[in-house]
Amino acid sequence: MLKNGIEYSYSSLQFSFLGNTDVKGVKSISYKVKRESENLKGAGDEPVAIGFGPKEYEGEIELMRKDINAIRKAAGEKSLVDIPPFDIIIAYANGVDPIKTDTLRFVRFMEDGLEGTTGDKELPLTIPLGLSGIEYS
């Protein structure tokens, strides 16, 4: 049902992680849960039940270089891949409905490095994330 015509947008996202409650340098984020399922066969030619595999979580985040450097500094100049698991909290609103919050649980940075080329105006890095769960509220 249309309430005010306002959709959730990237500009409404607020990120909190590693002790910072308002991380501004997140250029993009994606995350999802997947679960395999298949029809189970028995007598006859029709499925008799459905079998489910375990849930799998994946994601990635694109961070601005200043935030990557700040994270490394806060971690004692460690590589991102050496930082212990942490949560990422993503809050978003559309101005009418209550604020929604997704929590990425036990996040790990799976890569570290630098990407850039001549003429770049910034040096962001897209980093695959290891996740152990997603909580939606």
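All of the points below concern the structure found in this document. Per-chain numbering applies: the sequence of each chain, read as written, is numbered from 1 onward. This being a predicted model, a pLDDT of at least 70 is required before a residue's local features are given, and a value of 80 or more before pairs of side-chain atoms are given or counted; all residues contribute to the totals for chains, interfaces and linings. Side-chain figures throughout are based on the complete set of non-hydrogen atoms in the structure, without hydrogens or water.

1. Brief notes about the nonpolar core
- Side-chain atoms within 4.5 Å are what join buried Ala, Val, Leu, Ile, Met, Phe, Trp, Tyr and Cys residues into a set we call a nonpolar core. Throughout, exposure labels follow a simple rule: accessible area from a 1.4 Å probe, protein chains only, divided by the maximum for the residue type, with under 20% read as buried, over 50% as exposed, and the rest as partly exposed. Judged by nonpolar contacts, the single largest core of 23 residues is most densely connected at Phe17, Val26, Ile61, Leu63, Ile88, Leu104 and Phe109.
- Residue assignment for this core shows that the elements contributing at least two residues are strand E1 (14–17), strand E3 (26–41), strand E4 (47–63), helix H1 (65–74), strand E5 (86–92), strand E6 (100–109) and strand E7 (125–130).
- The element that contributes the greatest number of residues to this core is E5, accounting for four residues.
- The residues contacting Ile61, other than those within four sequence positions of it, are Phe17, Val26, Ser28, Ile29, Ile88, Phe109, Leu125, Thr126, Ile127 and Leu129. In DSSP terms, a helix is any run of H or I states spanning at least four residues, a strand is any run of E spanning at least two, and both are numbered starting from the N terminus. Any two residues having at least one pair of non-hydrogen atoms within 4.5 Å are treated as being in contact.

2. Considering the pairing of E7
- The pairing of E4 with E7 spans six bridges and is antiparallel. Residue pairing across strands places Ile61 opposite Ile127, the latter belonging to E7.
- Both E6 and E7 contribute to a ladder of two bridges, which runs antiparallel. Across the sheet, Phe109 pairs through a bridge with Leu129, a residue of E7. DSSP-based pairing: two strands are paired if at least 2 bridges between them are found.

3. Brief notes about the side chain of Asn94
- Locating Asn94 in the fold gives a position in the loop between E5 and E6.
- For Asn94, a relative accessible area of 9% translates into the label buried.
- What qualifies as a polar contact is a pair of N or O atoms within 3.5 Å, subject to a donor-acceptor requirement within protein and to the restriction that residues adjacent in sequence count only when both atoms come from side chains. In this structure the side chain of Asn94 is engaged in a polar contact, spanning 3.0 Å, whose partner is the backbone nitrogen of Val96.

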